[in-house]
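Breakdown of the fold
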Amino acid sequence: MSGVPSYVAAFEQLRPQILARLIEVRGSLDHAIARLSADEARGMFDAVLHALATLLVTGDHTLHRGFLHSFVAVRSTEGVGPDHAQRLLVAIADTAATLARAQHPNDPTVALAINHAARLTARMINDGIAEELERRTAQLPAAAGGRR
Amino acid sequence: MSLVVAGYGDSHVGSVRDTNEDALIVDGKWGLYAVLDGMGGASAGDVASTKARDVIHEYVRARRSALGPRQLLEAAINAASAAVHGEAQRRRDRRGMGTTVVACLIDGRRATVAHVGDSRAYLLRDGRMHRLTNDHTIVAELVARGAIQPDEADRHAYKNVLSRNLGAKATAAVDINEIELQAGDRLMLCSDGLYGYAASEAMHQLIASTDPAADVVRDLIDAALRGGGGDNVTAILIDAGTQLVPRATVVLRTSGAGAWWARRERLLAAARAHGIHRSPLCAVLAPDDAIALVAGNFADAVYHDLEKATSVNVWSFAENLAVGWLGQGGAWLALRELLDGLGRSADTVIGELRAEDPALAALIEAALARALVTAETAVGGVLAQRLRTVEAELVRHDAARARQPAEVTAKFIDHPTVPYMRAVDAPTEAPGPDVQHLLEGARRRALGRPAATSDRALFTRALEHAHRVATAATDGGDAALAARELFDVRSLDEAGVTPLFDALDAARAAHVDAVRAVPGAAGGKVAALRRLTAAYQQLSSTIASLVVESVAPTAEALREAAAATASLRAQVTKNERRVADLERKFATIIDDGLPAGMRFDLGLDPPARPRDPSKPPPLPRRRPSKETLR
Amino acid sequence: MTDLGERVAILRDEILDVVAGGSEDAPAVAIFDAIVRTLSAGLDTALGLDLTLHDAVARRLAWGDSEQAILDDASLVFTRLARAAQRALRDPDEEMLVLEAAADVVCSTSRILGLAAVGRAGRDRAATLREELAQRRLREALDEQAHNLQRLQAEVATSDFE
């Protein structure tokens, strides 16, 4: 890939390893994932790693936000709250950053880029939770007033 | 090569309970560690847990050399269950007492973990925390089977009901797990008073620190007490060998923490330059105080975390900030900007350090980047908890609307839905004259007594209906009709249904006493009581059936809603794949078109414009651009 | 005189075998055990909720038994026990004690099940509302996806950007 920062290429090269490690430790990432089959877990992890890679390459926040909204919405149907979904995404990024540090001990930019992506992810989810909190709070007076 | 294993444990009564019904074993000589959490009224739980603890400890000591670890733990725990069960049978005030147990036996490099109940074991390895035990509770088993969602588990009516414990029976079904320990592993055994009240992120951070086990156990108990301390708290930490600390961590804990502390004033100056004191969160503070309080506490939290190679202090800092600000109605945007300001202030300090020591600066930058992620997740937890509270309030209002009496229009008797009682046996003949006479006497006597219930009218109706059912020749039809008349029109909630069962119970008690008291031959009284108790059994059972049938539509509505959700979810998942495919093409376009040397700088963009739910979503306005950041 | 509870316990196989087909897992087992417990504890204790019975019924419901199935089992236990007690106990006072204890337990069971049903209905209503909240999030995610798909398709088609 021409002109792409080295950490982007490094992340892409690490992706298969990160995916394998995630599947291996999935029970410790989130107890709910332990119940998924390896294939189901792989599908979810792959989607998250793809979203991280897209963010690193394109820097496109709108796309990333769209992915996160879908991720959180789908997790909510599994009974997983947005904060749990957030911690899961951060745990995935942590695993990726740990592997990056181990594979590139002399180049801190890879792990740093992943940490920044994790912080942006956590921030976007907080924005989403705050937005929903504002909406639901606005619905309270009408809901309470609907009672006799 | 064997590992040097050392354990430390402690227990606390908590902030709410009067007695500590937890017990623990920390026996390094025999390699035995255990946490037990007793249950049962009037200190019976204390008896159960200490009894089980003593039996397990003695059993292991006596038979350590005779049995393998797996068989030894299983047999010891079963012996404890038999002992607790026996004690429970001997004394009426100890009936139903029991205890959980999670025990670990270390033999060389092998750890055998056995448990019954909801006390837990965790393993920390390579910075990741693994739960080694599944809770033996009804809700945990329902979640495991997919019968309920994890989110529902905390709200479930039976969330505290164990599916297994020691003492319910003479034997117990024990789950056993064996692991090979590695140097640096850390095991934790704990009661639900810890994980039920301490945030799991805080637990992880504390256990993952390189602090001695005694300090970590104390901090864990503190975390549970700060989280409410509604139960007894017990934790044991077992360290297997010396932790292998990466060199980078050693550097951070020493030079890194020192370098950060040396620049504390620099951070406060940077915070002032970035306008931290002008944040709405600091509105009631003088500028110097605001800087000292907010930026100063942030600087101290970062320092302590660098020193201990953890993020728990930044976690607490961010959580307290969020709880305090949001709790008084503060806006998220203000908190967001404050966190950004602190992040930029830290960047300034790191930038200056980079000029002197690039390698150390890189280490601190990485640690700080991770700490700020922790800060965001700490705040996320607070935001999500507030969202859950508001949603629960909305649900309550919705439920209250559903209970409005105006919605209850039809009388059940006009719309029979419950089939007549099945003919269990051949139709009963009407009672003979002497039994009839006894029943009539009992009815009058019972009616003349004060009702042990607040609704005298309902008590009287229940008694009269029971008498009619008892004196009729019936195949169950009379009971069904009587039940419908008694049910009448009432709301389908606890407030509507409980008075009916109360009235039936009170009527039954009065009626039975009256049969005993009324003059008559013993044989006749027994026959009368047979009919009467059968009548009350049929009435209460039919009323319960009516309730069950009446609430059936809510289950149907839930099934329909769940199906609609599943359909939407499938659409989202399908679309996500399409988006991902296009993103790959889009990314390739960008890759090929990048000027060489362009640096991507990931930062935090301005907040998305709040969406007005009354307006349709915005149409695409522009072609995508690289959103590089300043 | 041996404990009345112990003597009634002897009737276990007869009553439960008929009712439950011999299964140790049937709801009837918990109900019969509760009756034996009540007789052994003595009926002079105040009418209170037997927590063990409550937990046992809760477990049956949690494992998927319907309320009606448990009610049916309770009815049959009561009927069979009343018949067996009439046959097996010579003392009318003892038979009356058994009938009272059996009525206590099966009426308690009806109360537990009735309240469990309304509790379940309340939870189902709350769960339905949560499903509707989740549906709203999913619809918003679909809107956002549609927006991004449109954007990406346009961009890939033109292969041009600012």
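Everything discussed here concerns the structure shown above.
Attention in this report is confined to the structure presented alongside it.

Criteria and cut-off values
Starting from 1, residues in each chain are numbered consecutively following that chain's sequence as written. All chains are assigned letters beginning at A, and all ligands numbers beginning at 1, according to the order in which they are written. Local features in this predicted model are restricted to residues whose pLDDT is 70 or higher, and side-chain atom pairs enter the listing and the counts only when it is 80 or higher, whereas totals over whole chains, interfaces and linings include all residues. The basis for every side-chain value is the complete set of heavy atoms in the structure, and neither hydrogens nor water enter the calculation. Runs of H or I in DSSP of at least four residues are treated as helices and runs of E of at least two as strands, each being numbered from the N terminus. Whether a residue is buried, partly exposed or exposed follows from its accessible area with a 1.4 Å probe, protein chains only, as a fraction of its type maximum: under 20%, in between, or over 50%, in that order. By definition, residues are in contact when any of their heavy atoms lie within 4.5 Å. Any two strands with at least two DSSP bridges between them are considered paired. To obtain an axis, a line is fitted to C-alpha atoms, over the contacting stretch when the element is a helix, and the angle between two such axes runs from 0 to 180 degrees between their N-to-C directions. Here the word oblique covers every angle except those under 35 degrees (roughly parallel), over 145 (roughly antiparallel) and from 65 to 115 (roughly perpendicular). The pairing test for Phe, Tyr and Trp rings, Trp by its six-membered ring, is centres within 6.5 Å, and the orientation test on the planes gives stacked under 30 degrees, edge-to-face over 60, and tilted for anything in between. The criterion for a charge sitting over a ring is simple: Lys NZ or Arg CZ within 6 Å of the ring centre, and within 35 degrees of the ring normal.

Structural notes on the environment of A121 of chain B
Residues and elements named next belong to chain B. Checked against the element boundaries, A121 lands in strand β6 (residues 120-125). Residue classification places A121 among the buried residues on the basis of a relative accessible area of 0%. Among residues more than four places away in sequence, those in contact with A121 are V102, V113, H130, R131, L132, T133, M188 and L189.

Overview of the sheet that holds strand β1 (residues 5-12) of chain B
Residue and element names in this part refer to chain B. Taken together, the 5 strands give an open sheet; going across it, the order is β1-β10-β9-β6-β7, and neighbouring strands pair in antiparallel fashion. Of all strands in the sheet, those bounded by a partner on one side alone are β1 and β7 (128-131). With strand direction ignored, the average angle separating the axes of adjacent strands in the sheet is 20 degrees. Looking at chain direction, strand β9 (residues 185-190) and strand β10 (residues 233-240) are connected through 6 bridges and run antiparallel. Looking at the pairing, R186 lines up with D239 of β10.

Topic: the sheet that holds strand β3 (residues 32-39) of chain B
All names here are of chain B. The strand order across the open sheet built from 5 strands is β2-β3-β4-β5-β8, with neighbouring strands paired in antiparallel fashion. Unpaired on one side and paired on the other, β2 (22-27) and β8 (175-180) mark the two borders of the sheet. Between one strand and the next, the sheet's axes are offset by a mean angle of 10 degrees, whatever the strand orientation.

As for the side chain of S311 of chain B
Residue and element names in this part refer to chain B. By secondary structure assignment, the location of S311 is in the loop between α10 (287-308) and α11 (312-327). We classify S311 as buried; its relative accessible area is 8%. Not counting the four nearest positions on each side in its chain, S311 is found in contact with Q205, D305, A371 and T374.

Section: the packing of helix α15 (residues 456-471) of chain B against helix α16 (residues 477-487) of chain B
Residues and elements named next belong to chain B. Interhelical geometry of α15 versus α16 gives an angle of 170 degrees and a closest axis separation of 10 Å. As the angle between them shows, α15 and α16 are arranged roughly antiparallel. Residues L458, R461, A462, H465 and V469 of α15 lie in contact with α16, whose contacting residues are D478, A479, A482, E485 and L486.

Points about the packing of aromatic side chains
Scanning all chains against the criterion turns up 3 aromatic pairs over all chains. Summarising the aromatic geometry, the rings of F67 of chain A and F71 of chain A are spaced 5.8 Å apart at their centres and angled 35 degrees between planes, so their arrangement reads as tilted. One end of the pair is F67 of chain A and the other is F71 of chain A, both in helix α4 (residues 61-77) and 4 residues apart, which spans about a single turn. Taking the relative accessible area as the measure of exposure, F67 of chain A reaches 7% and is therefore buried. Judged by centre distance (4.8 Å) and plane angle (45 degrees), the rings of W261 of chain B and Y303 of chain B are tilted. Linking W261 of chain B in helix α8 (residues 247-262) with Y303 of chain B in helix α10, this pair joins segments that are 42 residues apart in sequence. Given the relative accessible area of 18%, Y303 of chain B is considered buried. In this structure, R75 of chain A packs its charged tip against the face of F71 of chain A, placed 4.6 Å from the ring centre. Over the face of the ring belonging to Y59 of chain B we find R63 of chain B, whose NZ or CZ atom lies 3.9 Å from the ring centre.

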